[in-house]
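Chain by chain, the residues:
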Amino acid sequence: MTNKIKTLADLKEILATLTEDQLQQPGTILIEDSPHEFISGLEVINSPWLYNRSDSDDQGTFEDLKQLHGEEFIEEEYAIMFPEGMVVLYLTSEKPL
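Described in the following lines is the structure provided in the data block. (Residues numbered from 1 in each chain as written. Predicted model: local features only at pLDDT ≥ 70, side-chain atom pairs only at ≥ 80, totals over all residues. Heavy atoms only, no water.)

1. Some thoughts on the overall build of the protein chain
Across its full length, the protein chain holds 3 helices and 6 strands. From first element to last, N terminus to C terminus, the protein chain shows the α and β order α-α-β-β-β-β-α-β-β. A compact globule built from 97 residues would reach a C-alpha radius of gyration of about 13 Å, whereas the protein chain, at 18 Å, exceeds it by more than 25%. Structurally, the protein chain occupies a C-alpha span of about 55 × 25 × 25 Å along its principal axes. Buried positions account for 13% of the 97 residues belonging to the protein chain. When contacts within the protein chain are restricted to residue pairs at least 6 apart in sequence, those whose partners lie at least 24 apart make up 58%. A total accessible area of about 8100 Å² is found for the protein chain, and carbon and sulfur atoms account for 53% of it. (Helix = DSSP H or I, 4+ residues; strand = E, 2+ residues; numbered from the N terminus. Rg over C-alpha atoms; globule rule 2.2 N^0.38 Å. Buried < 20%, exposed > 50% of the residue type's maximum accessible area, 1.4 Å probe, protein only. Contact = heavy atoms within 4.5 Å. Areas by Shrake-Rupley, 256 points an atom, 1.4 Å probe, with all protein chains shown as cover.)

What follows is the structure in structure tokens.
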């Protein structure tokens with residue numbers, strides 16, 4: 001049976017039920033129709049992460065974007081991707097050692 005996780009509190013509750021041996025295993029995320037993904041890191045966002053609505057590759061913190069674009073930076077062209085305090089898991093296809 002798959003446990004449904006909607007919040008980090010849900011994840012914490014499930015992790016609390018695992019044995020110490022289970023907790024020492026690599027974290028794996030299964031994404032339909034793609035190879036296994038392993039958790040490689042976790043970050044708590046310290047400053048909102050923005051993206052350009054017309055160019056999603058143009059992203060970063062407000063300070064980074066303002067420094068990068070200088071006077072050409074137009075805040076209204078950006079939206080918040082990750083708000084401050086959000087927890088982000090990083091994935092890799094390489095199994096940890």
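2. Let's talk about a nonpolar patch on the surface
A cluster of nonpolar side chains, Ile31, Ile39, Leu42, Val44, Leu89 and Leu91, forms an exposed patch at the surface whose accessible area comes to about 480 Å². Elements supplying a minimum of two residues to the nonpolar patch: β2 (37–44) and β6 (87–92). Per-element tally for the nonpolar patch: the top contributor is β2, with 3 residues. With respect to the helices and strands, the residue Leu42 is situated in strand β2. (Patch = residues over 30% accessible without salt bridge, like charges linked within 9 Å, V, L, I, M, F, W, Y side chains within 5 Å. Salt bridge = Lys/Arg side-chain N within 4 Å of Asp/Glu carboxyl O.)

3. Quick look at the layout of surface pockets
What the largest pocket holds in volume is close to 350 Å³. Taken together, 13 residues form the lining of the largest pocket, with Leu15, Gln25, Pro26, Gly27 and Ile39 sitting closest to its centre. Class assignment of the residues belonging to the lining of the largest pocket gives a composition of 9 nonpolar, 4 polar and no charged. (1 Å grid on protein atoms, 1.4 Å probe; cavity = no way out; pocket = protein on both sides within 12 Å on 5 of 7 lines; lining within 4 Å. Points joined across faces, edges and corners; volume = space filled by probe spheres on them. Nonpolar A, V, L, I, M, F, W, Y, C, P; charged D, E, K, R; others polar.)

4. Topic: the packing of aromatic side chains
Enumeration over the complete set of coordinates arrives at 2 aromatic pairs. Between Phe73 and Tyr78, the aromatic rings sit 5.0 Å apart at their centres with planes inclined by 35°, giving tilted as the arrangement. Given a relative accessible area of 12%, Phe73 falls into the buried group. Residue class for Tyr78 comes out buried when judged on its relative accessible area of 8%. An aromatic cluster is built from Phe62, Phe73 and Tyr78, whose rings are joined through pairwise contacts. (Phe/Tyr/Trp six-rings, centres within 6.5 Å; stacked < 30°, edge-to-face > 60°.)

5. Digging into the sheet that holds strand β4 (residues 55–61)
The strands making up a sheet associate through backbone hydrogen bonding, with each pair oriented either parallel or antiparallel. The strand order across the open sheet formed by 3 strands is β4-β3-β5, and the pairing between neighbours is antiparallel. Each edge of the sheet is formed by a strand with only one pairing partner; in this case those strands are β4 and β5 (78–82). Going across the sheet, the axis of each strand differs from the next one's by a mean of 35°, ignoring polarity. Here 4 bridges tie strand β3 (residues 49–52) to β4, and the two strands are oriented antiparallel to one another. The partner of Leu50 across the bridge, within β4, is Gly60. Helix-sheet contacts for helix α3 (residues 62–69) involve β3, β4 and β5, and the interaxial angle to β4 is about 115°. (Pairing = 2+ DSSP bridges. Axes fitted to C-alpha atoms, helices over the stretch in contact; angles between N-to-C directions.)

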